[in-house]
Amino acid sequence: YVTHLLAHEGEGSLYACLQAEGLATAVSAGAEGLRDFAIAQVRIDLTPLGEERVEVVLCRVFEYLAMLAEEGAGAAAREAWAELAMERALRWRFAERGDAAAEARSWAARMHVYSPQLALSGGRLLGGFPAEGVVACLEAMRPGGVLISRESKAFQAVSPPEEDDEADSVCVVPLPPSLPPGSQRLTEPYYGVQYERRPIASPLREKLQAARRGERMPAAGGAPAPPLHLPAPNPFFATELEMKEEGEPQPALQAGEASDAMHWHATEVAFGRPKAHVVLHLACPAEAVSDVTHMNLWMAVLDEHLATALYPAALAGLSWSVSRHTSGAVLRVSGFSHKLPRLLLTLADQLLRWDGAAYAPRFEPRREKHVRELQGHFKQTSDRLALYYLHLLLEPTRLPKEAQLEAARAATLDSLAAFHARFVRRLKLLVFTYGNLAAADAAAIAAELESRVSAAREATLPRSDWADSPVTQVRAGAWRLTMRPLSAEEKNSGCLLYYQLGQLDVRPERAQLLVLLRLLQQPLFAELRTKQQLGYVVRSDEMRHGSGRSCVSGVYVLILSKDFAPPQLQRSIDDYLRTVPEAVIGALTADEFQTARGALVTRFREPDRTLAEAFSRRWTAIEEETYDWARRAKLADALEAVTLEQVQALAARLTSAPRLAVHVFGNNHLAAFGEDDGSGSVAIDSWEAWRAAQDVWGDVELQ
């Protein structure tokens, strides 16, 4: 109960207080209970300002505990407990079906802790308010019993090299030459990291004690500290849990006939959960979609604002997310259907209007965090860099990280407001409602959303003006991009081979490819990783770019190695793949082939286990504009028709398919930079120029 409140993110919470002061980006809390004692932990992710004012952050924790202690076992505390008990009860009653093996292991472990009648519900369902226990717990949480652990890049002993202007350190300070009395300087035995253990200094201890007595430390500039109080009553808890139209066969997914918005709906009650899923897809002009930096910043600031304002909805079993889409933005809302429309409309309003006053205090901390995240790209391992460069080559609209970083550094609140204005200027609304919603209720939701979108935009966006995600059509032959490491610390090299097979979704070869990859995965790993020991990471799989009518399939093999340079890795991959048709596929018995193929058929014929799975499959068909609700069943039919000879022929054709190789040299292997890999591939001098010179795949009619 106490750690639940410490981690609360709603109005009046510790998180809301620290966020309002610009001191933290996240607060979490939990308890670890042992036989004789328990430990309560609070973790706070600090902003750069929070690093500078860490004493204020610590005082805020004890100020919040003082508020809880003052409330004690009063009426507000009992209401908070009752809501927590309701949350647990709803989660328990309507839990989604899980993995059988994992559930069995969990139950077996719980039988060592709880009596048989409580083995399933113990610790998950709450009884009456334990007044004495709460008071005793809060009494124990005082500065005299606290251990403060601080991890920070401010403790780095050596600053980054001068040429590394992409370092993401907050600040760099030397370790002090001497330690206070009673302190120790130690070294962590596994990683060799230095750390210090020291008593809490008397001045800080006195401040914490004052905070625990309820004395509030002023905010910056002497302003009053943000308020701390228990959560207000939660308006999002569902009280109507009946199922809709149960017993009648449900109609197939169908589009609404609204004047402008596209609305798809299906009532689904077979899973017995009074829940629903709704997607609001806002297609916007390409100029807004391509502004990746401002789109990401806007969503981060919006998410942080909503995390506090709508935290009660999350506690009531409702969830939401806002994400960037290739054609705009997507809002997803799910949970108990009773209060879901209220949350959905609130979120839609937040998407459509600009709230500068709410965003102003959150913008700069989020912009700084985004800059640090982008700087992390320049310390990526070589295998991740190889994948990054491949995506740059294959996605003509993808913006490189250097350009994103430059834009993030230059972004301002005004430029973000201008972006939002461009975003809402022309919009097209698509709505998908699914689950425990009657058709009439779903239609009313869609109509209300359309009304609000129409009021916010200047004009609708025709389908021909939607942003798309073209895919590079690799020309016949072999191409090679060779890159140096971006970090002085990266010693390993990465080698990535990609074979482009085309738009297989429209041909039986997709089923053949899935069988080939299943048959190839274990032997390839055993040969290249276990036997030849080429690297830490060895993996292969299908890689898909685009979606729906423009989806393009390919196969990749990726190795990360500390011992071998990319040319040697490529030669080893080439040599092995040439043996696959005969030595791997041709050596299979009929039973072995049927077992592998049968496992895939079974996977694609499995029914949806949860409402979320059923929703996801249907939304994918709408999102990709295939509108094929039986696509998995059709793929299962195609898999059953695949023969060993077809897979062997596909394996033989694989190495002659258009190929891209990406070589990222680690610092240990720079002596081999420029070495011929023996494949006859054409060097790519500039990924930008090469990408601009290629054709792109067009849309096709799906089968």
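For the structure itself, look to the data block above.
Residues numbered from 1 in each chain as written. Predicted model: local features only at pLDDT ≥ 70, side-chain atom pairs only at ≥ 80, totals over all residues. Heavy atoms only, no water.

All right, on to the overall build of the protein then. Helices and strands together make up the secondary structure of the protein, namely 24 helices and 19 strands. A compact globule built from 703 residues would reach a C-alpha radius of gyration of about 27 Å, and the protein, at 29 Å, matches this within 12%. Reported as C-alpha extents along the three principal axes, the dimensions of the protein are approximately 75 × 75 × 60 Å. A total of 703 residues make up the protein; the buried ones form 46% of that total. (Helix = DSSP H or I, 4+ residues; strand = E, 2+ residues; numbered from the N terminus. Rg over C-alpha atoms; globule rule 2.2 N^0.38 Å. Buried < 20%, exposed > 50% of the residue type's maximum accessible area, 1.4 Å probe, protein only.)

In the structure shown here, the tally under the stated rule is three cavities of 30 Å³ or more. When its volume is computed, the largest cavity comes out at roughly 130 Å³. At the level of elements, helix 1 (2-6), helix 5 (75-93) and helix 11 (311-315) are the ones that each hand at least two residues to the lining of the largest cavity. Sorting elements by how many residues they give to the lining of the largest cavity places helix 5 first, with four residues. Approximately 50 Å³ is the volume attributed to the second largest cavity. For the lining of the second largest cavity, the secondary-structure elements that each account for two or more residues are helix 1, helix 4 (54-71) and helix 7 (131-140). Its residues assigned to classes, the lining of the second largest cavity shows eight nonpolar, one polar and one charged. (1 Å grid on protein atoms, 1.4 Å probe; cavity = no way out; pocket = protein on both sides within 12 Å on 5 of 7 lines; lining within 4 Å. Points joined across faces, edges and corners; volume = space filled by probe spheres on them. Nonpolar A, V, L, I, M, F, W, Y, C, P; charged D, E, K, R; others polar.)

This part takes up helix 18 (residues 509-531). Think of an α-helix as 3.6 residues a turn; residues three or four steps apart then line up on the same face. In this model helix 18 runs 31 Å from its N-terminal to its C-terminal C-alpha over 23 residues, within 8% of the 33 Å that 1.5 Å per residue would give. Largest kink in helix 18: about 35 degrees, centred on Leu 520, with the proline Pro 523 one to four residues after it. Directly beyond the C-terminal end of helix 18, a positive phi value near 50 degrees is found at Gln 533. (Expected span 1.5 Å × (residues − 1). Bend = angle between axes of the 7 residues up to and from the residue.)

For Ala 467, the location among the structural elements is in the loop between strand 11 (459-460) and strand 12 (472-473). Residues Ala 467 and Ala 288, 179 residues apart in the sequence, show an inter-C-alpha distance of 9.0 Å. Setting aside anything within four residues of it in sequence, one finds Ala 467 in contact with Cys 284, Ala 286, Val 289, Thr 326 and Ser 327. (Contact = heavy atoms within 4.5 Å.)

The next subject is the packing of aromatic side chains. How two aromatic rings sit relative to each other is given by the distance of their centres and the angle of their planes. Applying the stated rule across the entire model yields 18 aromatic pairs. Plain terms: the ring middles of Trp 264 and Trp 629 are 5.7 Å apart, the flat faces sit at 70 degrees to each other, and that makes the pair edge-to-face. Here Trp 264 is found in strand 6 (residues 262-267), whereas its partner Trp 629 is found in the loop between helix 21 (611-623) and helix 22 (631-640), with 365 residues between them in sequence. Accessibility expressed as a relative area gives 12% for Trp 264, which makes it buried. We classify Trp 629 as partly exposed; its relative accessible area is 27%. Between Phe 432 and Phe 615, the aromatic rings sit 5.6 Å apart at their centres with planes inclined by 15 degrees, giving stacked as the arrangement. (Phe/Tyr/Trp six-rings, centres within 6.5 Å; stacked < 30°, edge-to-face > 60°.)

Looking now at the sheet that holds strand 16 (residues 552-561). Sheets are built from strands paired through backbone hydrogen bonds, the pairs being either parallel or antiparallel. The six strands are arranged 15-16-14-17-13-18 in an open sheet whose pairing can be described as mixed. Edge positions in the sheet fall to strand 15 (537-545) and strand 18 (682-684), since each of these pairs with one other strand and no more. For this sheet, the mean angle separating the axes of adjacent strands, direction not counted, is 20 degrees. Bridging between strand 14 (residues 493-502) and strand 16 involves nine bridges; their strand directions are antiparallel. Within the sheet, the bridge partner assigned to Leu 497 lies in strand 16 and is Val 557. (Pairing = 2+ DSSP bridges. Axes fitted to C-alpha atoms, helices over the stretch in contact; angles between N-to-C directions.)

What follows deals with a nonpolar patch on the surface. Taken together, the side chains of Trp 92, Trp 107, Leu 120 and Leu 125 define a hydrophobic patch exposed on the protein surface, amounting to about 350 Å² of accessible area. With respect to the helices and strands, Leu 125 occurs in the loop between helix 6 (100-110) and helix 7. Judged by relative accessible area, which is 35%, Leu 125 ranks as partly exposed. (Patch = residues over 30% accessible without salt bridge, like charges linked within 9 Å, V, L, I, M, F, W, Y side chains within 5 Å. Areas by Shrake-Rupley, 256 points an atom, 1.4 Å probe, with all protein chains shown as cover. Salt bridge = Lys/Arg side-chain N within 4 Å of Asp/Glu carboxyl O.)

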